[in-house]
Amino acid sequence: MTRLLAPAGSKVLFLGNEAIARGALEAGVSVATAYPGTPSSEVIESLAPAASKRSLYVEWSVNEKVALEVAAAASFAGLRSMAVMKQNGVNVASDFLLHLTASGTRGGLVLVSCEDPGALSSVNEGESRYFAGMLEMPLLEPADFQEAKDMTKWAFELSEAIGNVVMLRSVTRMSHASGNVVCGTLPAKARKAAFEYGGPIMDSQTGPMISTPVVAKHLLRRQKLKAVCALFEKSPFNRYTGPARPDLLLITASACWLYAAEAVHMLGLQKKVGILKLGTTWPLPPRLVSQYLRKARRILIVEEVMAFLEENVKVLAAGNPKLSEDKTFFGKYDGTLPFAGELNPDIVADALVKIFNIRRCGLSSSYQEEARKTAAMLPPREQTFCAGCPHRASFWSIHNAIALDGRGGFVCGDIGCYSMAALTPANGFGTMPTLHSMGSGTGLASGFARLAPFGFKKPVLTVCGDSTFYHAVIPALINARHNRADITFIVLDNQGTAMTGFQPHPGNEVNALRESVPAVDIAAVCRAIGAKVAVCDPFDLSATGSVLTDFLAEKDSLKVLILRQACALSPEKKGKKTFEMKVDESLCLGDACGCNRLCTRIFRCPALVWDRKKKKAAVDEVVCAGCGVCASICPRKAILKSQAASAAASGG
Amino acid sequence: MKRKKSSQSRLKKEVLEQSLCTGCGACVGLCPYQVVYRDRTVQLFDCDLSDGKCRAFCPRTPADGRLLRDGLFDAADATDEIGPVKEFWFTRAKDAGLRARAQHGGTVTALLRLAMSEGWIDAAIVSGRLDGREPEGRLIDRGEEPADYAGSRFWAAPTVAAFHRMPENGAGRVGVVATPCQALALAKIRTAKIDGYQKGGTLSLVIGLFCGWTLALDRFQNLLNQYHLPAQNLTGMDIPAGKNILELRTAGGAVNVPMDEVDECVREACRYCIDSTAEFADLSVGAARFGGNPVEMSGWNQVIVRSEKGKNLVSLARDQGILECREAPRRALAELMSAAAEKKKKALARIIEKSRSPEKLLYLNPDDPAVRKYLNEVLQDKAKPLLKKKGDR
C-alpha cells in the first residue's frame, strides 16, 4: 500500500492497474468507484487502502451504471473522479454515459475501461473504443506502465479542459503486467465539493447538468472535439520509431505496440518498418496521422479486438485523395490479422512475413518434434470448481432434483464462478444450457416460464450469485413475479464477489474502506417482491434436495432458494479445514459395479484422486478443503470425515 | 474399435424408454446411478460399465425363463398357464384378529410370522405402509409385527431395492413378499453367477402375490383428487369379487370407483406382463375368487405351492394350526388357469404390436415353450379383432 504513496521521483514496480491508480492520485482524484471485473479490479483495490491518507472516497458500487453515476455526482460538485470497469461494464453504464457526455462534466471525470481481448476472464470479447467514437469523448490508450500513470494524470486535465468524460482504455496485458514507473508529485491540497446550477442552460459549468436541448448540446460536444484534436496533435503519447521512408507504416496502440515492436525485432525489419504508436486514439489527430500516412505506400494497422483504429485511419485517408491513392492498407478487413482473439508477437510476425513475403526462421524441426511429443504428455487441466466450493454441492443437488422431477428442467445461467457450470458442462452436471450477461439468467427464465401457452412444459430454473443479485437481478425478479412466471430461482450466496477476488458487496457488512456498513438482506428483498423464500446450506445435500424437489413440484409461483455457504477461498475459510477426510480402502468399491468411481468420475472434486494401481479413490490432503460433502455421496460410506483439529480448537 | 455398450444405456433403451419398467426396484439400491422417485425409475448419472447388475437383475431385459425355472423348480410341476404347481389350496389364517387386519385371508402375514419364529428367515421385506409418503420396500425383523404391513397396495413399490440395500453381512436370511415382476427379478438374483456377488444366497423365501396390474402414481393421484380423497386418508383398497369397481376405503366410509376410470390409471408396463400369479416365487397367494359363492370366498386366499420350501412352510403352518387349509374345488384351479392364459395372450398381442414382429418378444424368449404356446394362439387369433374392445386389461 505504501508503494502507491511513494514519494515523487521514486521508481516503483507497479502493476498496470496500480500505475493507473497512482496517476489518479497524482491528479488529486477525490472519488473513485467501480464494480469488480477482471482485469480492472486492482485499480480500486489499490486505492482503497490509500483512501484514508488522501482525502479520497472509494466505493464498490452495486453495478457499473451506479458507479459512473456516483463518480459523475462528484464531478458535478467540482471534484475529480474516476469510474473503473471492464469492457462489459461500459455497456452497463452506457445509457447514463450517453446522457453524461451530452450534459458535460465539471471536475475531471475519467472512465477507465480495462478490456479482455481473447476473453481470458470473460464470456464475451467486447470492445468499448466504439463508445468513444459514438459518444464523442476522447480516448486514450497507454502502451506501457509509465504511460499508464502519466496518461491517467493528464486525462483529468483534458476532461476539465473540455468539460466532458475522458475514456482511458487498457487491456489485460497492460493492466495485469508490471513495469517500472517513475512517480510524480502527489498534490498537497484537496478540493472542496460545491454544486451550483443557476447559470445558463448551455453552460455546463454553472447551469443545470442536463442533456437538453439535445441537438444544440450535441453540436457543442462536437465543437469540443476540435480543441481535443489540437491537444492530440502535440501529445507526447504519440511516438514514431523507424526510418524516414518506411516500406511499411505500422500504426498501433496499447499492448499491441509491444507485440509489434517485438515482431519487427524478431524479423530484423527495423530498417523497413516504421511504427507509429498512438496513445490518443480517438479522435485521431488528423495532421499527425496524415504526416505519417504520406511517408509509406503500405500501411498495416495492428489493434485488438475489432477494427476501430483501422476504420478511423481509413476514414481519414478517404477524406484526402493524396492520402488514399496508391496506398494498400493491411489489417483485419483484408484478413491479414484476425477479427477475434488476442494478438501476440507471433501473430504480428506472421502478418509481416505475409506482407514482406519472407521466410521466418522458426524452431528447428527436431525441436518442434520434441515439443509435439511433450505436449501429448501434458494432462488435460480443465476449469473446475475449487475443492470445497459450495457450487459443486449446489449443482449436484440441482441436477438430482431436476432428474427426479423428470420433465427436463434446466437452469438459465448467470455470471460468477458458477458460470463454470456452463463452460464445462461436467462441472454443472449438465444442467446449464444458457449463459449471457449479469442478471440475464433471471430475465431469460422469466421469458421461458411464459411459454406454456406455446406448449413449453419444462420446469424453468435460474441461478445467480449474491453479488450478481444486487447488480442486475432484482428488476428481472420483479418482472417474473409481476408477470406470473413460474420459476425456481436459486441464489448461490457464498458471501462475497468471489470470481473477481472476493470484493465486498451490499450483502456484506463491510465496504471497500473497511468501514462497518448496513447489509441489505437478499431474503428480505425476495420476500418483499412476493416470492416464496427458503434458505439452506448447500453442503447439506439432503435438506437442499428436499427443498428443491418440493419447489419443482409446486406450480404457478415464484420460488427462491438461497443456498448460503461461504466460498472456500473466503477469508473466513481459506486455509482452514472443518473436517479431515480420508478414504477407507477396505470399503471403497472403486470402478466396480455398485460405484464405478462416482466420486472421482462424476463428482470430481479436485481433492479426490483415483489411484490407478490400487484401483481405489483417495483424498489429496493438500488440495482438500475439508468441507465434508464427499462423505455424503459415497454409496459405501467409504469416505470418512472427522472434525479437524483447527476446527475443534476454534469451536468449529 | 467397438466399445461394449454400457448396461445402463441398454437398460434405458430396452426397458425405460420402452415403457416396460414395472417399478420393481431390481435396478435400484445397487449403486448411486439409478433411483426410484415416486414410481419412476430415474437414471441420475451415466455409468459406463458393461456387465452391470442393474441390467442382469431387471425382469424386463431379455432372459430365458427355462433356465430360471430349471434352477428353482421341479420340471414335473410345470404348467403353461400358471407356472410350477406342486399343490393348490384355499387357506386362511386361523387367528380371526389377524384376518381382520389383512386383505383377505391373512395367509401371507401368517406365513411370514411363522417363517421368522421358526428361524427360516431372520427378516422380511414387504412393501411399506399405506400411509407412507413414497412407495418403498421395508425391511422388518423379529422385533416388528408383519401384520402392521398387511393389506394390499395397488401401486408399485420398489421392494427389490430394499433387498439390495440390506448390508452385506448381518441381516441373515431374508424372505420377500413380491409381485410377479419382483419375483422374476428375485429369481434372477437367486440364480445369478456374478463374480464377487454373494448376496443372492441370503434370499431364503419368496412369497408371491397374484397381480393383474398396478396403478401409476401420478394418474392415481389425479383420480383421488377428482374424488376429493387425500391419499393419507386411504385405509385400504379392494376389488370386490363380481363387481366392476375399485373400492377405496377411508375412516369415513368407502368410495367406489368404476373400473374403466381405474383402467386409465394402470401403469403402462403392466400391459406387457404375462405373469398374473408370480410364477417364480416359492409359493403364490391371491384372493380366493373362483369356484364358490363370493361371500363365502371373501376372507379366504388361494395358494399355489411351487417349491419344496414353499410346500414345507405351508405344511408346517397347517400342522401348527396357524393356517386353515382346504381343498380347492376343481373348477377353481381351472378357472384360475383360464384367466391366467387370457392375460398371457393379451400381453403377447400387445408385445407383438410394440415390437412389430412376432419373432421379437422384447423381454420374452420365443423359444420358451410356455411362451411359444400362447404366441401361436395369439397369431392364430390375429384375424379376430382381439384388441379392439374398450377397457381391455
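Scope of this entry: the structure provided in the associated data block. (Residues numbered from 1 in each chain as written. Chains lettered and ligands numbered in written order. Predicted model: local features only at pLDDT ≥ 70, side-chain atom pairs only at ≥ 80, totals over all residues. Heavy atoms only, no water.)

### Describing the interface of chain B and chain A
Of the residues lining the interface, 17 residues belong to chain B; the matching set on chain A comes to 21 residues. Interface of chain B and chain A: buried area, both sides summed, is about 1500 Å²; carbon and sulfur atoms make up 61% of it. For the chain B face of the interface with chain A, the top three residues by lost area are Tyr33(B), Tyr37(B) and Phe45(B), together amounting to 34%. Where chain B touches chain A, the interface holds one salt bridge. With its nearest N and O atoms 3.9 Å apart, the salt bridge here joins Asp48(B) to Arg601(A). Linking chain B with chain A are eight residue pairs in polar contact (both at pLDDT 80 or more), by the criterion used here. When residues of the side of chain B that touches chain A are traced back to their parent elements, those giving at least two are β1 (34–37) and β2 (40–43) of chain B. Classifying every residue of the side of chain B that touches chain A gives eleven nonpolar, one polar and five charged. (Contact = heavy atoms within 4.5 Å. Buried area = accessible area lost by both parts, 1.4 Å probe. Salt bridge = Lys/Arg side-chain N within 4 Å of Asp/Glu carboxyl O. Polar contact = N/O pair within 3.5 Å; in protein donor to acceptor, adjacent residues only side chain to side chain. Helix = DSSP H or I, 4+ residues; strand = E, 2+ residues; numbered from the N terminus. Nonpolar A, V, L, I, M, F, W, Y, C, P; charged D, E, K, R; others polar.)

### Considering the pattern of salt bridges
Residues and elements named next belong to chain A. The final tally for this structure, using the stated rule, is 57 salt bridges over all chains. Across the pair Arg239 and Glu147 runs a salt bridge whose closest N-O atoms are separated by 3.2 Å. Pair noted here: Arg239 is in strand β9 (residues 239–241) and Glu147 is in helix α6 (residues 145–162), with a separation of 92 residues, a long-range link. Two residues, Glu585 and Lys614, come together in a salt bridge whose shortest N-O distance is 3.1 Å. Note that Glu585 is positioned in the loop between β21 (579–583) and α21 (598–603) and Lys614 in the loop between β22 (608–611) and β23 (616–619), a separation of 29 residues in sequence.

### Here we look at the packing of aromatic side chains
When we look at a pair of aromatic rings, we describe it by the centre distance and by the angle of the planes. Enumeration over the complete set of coordinates arrives at 21 aromatic pairs over all chains. With a centroid separation of 5.0 Å and an interplanar angle of 85°, the aromatic rings of Phe410(A) and Phe448(A) are classed as edge-to-face. Within this pair, whereas Phe410(A) is found in strand β15 (residues 410–413), its partner Phe448(A) is found in helix α17 (residues 440–448), the two being separated by 38 residues in sequence. Residue classification places Phe448(A) among the partly exposed positions, given a relative accessible area of 25%. A centroid spacing of 5.9 Å and a plane angle of 40° characterise the contact between Trp155(B) and Phe220(B), whose relative ring orientation is tilted. With Trp155(B) in the loop between β5 (137–141) and α6 (159–165) and Phe220(B) in helix α8 (residues 217–226), the pair connects residues that are 65 residues apart, well separated along the chain. The exposure classification of Trp155(B) matches that of Phe220(B), with both residues buried. Chaining the aromatic ring pairs together yields one cluster made of Trp396(A), Phe429(A), Phe603(A) and Phe45(B). Taking the ring centre of Trp257(A) as reference, the NZ or CZ of Arg239(A) above it sits at 5.7 Å. The aromatic ring of Trp300(B) is capped on one face by Arg326(B), whose charged end is 4.8 Å from the ring centroid. (Phe/Tyr/Trp six-rings, centres within 6.5 Å; stacked < 30°, edge-to-face > 60°. Buried < 20%, exposed > 50% of the residue type's maximum accessible area, 1.4 Å probe, protein only. Lys NZ or Arg CZ within 6 Å of the ring centre and 35° of its normal.)

### Observations concerning the environment of Ala6(A)
Residues and elements named next belong to chain A. Topologically, Ala6 is positioned in the segment before β1 (11–15). In this structure Ala6 comes out as buried when scored by relative accessible area, which is 10%. When the C-alpha positions of Ala6 and Arg22 are compared, they lie 9.2 Å apart, and in sequence the two are 16 residues distant. If we ignore the near neighbours within four places in the chain, the residues touching Ala6 are Val12, Arg22, Cys183 and Leu186.

### Topic: the sheet that holds strand β18 (residues 487–493) of chain A
Residues and elements named next belong to chain A. Reading across the sheet, the six strands line up as β16-β15-β17-β18-β20-β19 and stay open at both edges, with parallel pairing between neighbours. Edge positions in the open sheet fall to β16 (434–435) and β19 (532–536), since each of these has one partner strand only. Where strand β17 (residues 460–465) lies against β18, six bridges are found, and the strand directions are parallel. Across the sheet, residue Val460 finds its bridge partner in β18, namely Ile487. (Pairing = 2+ DSSP bridges.)

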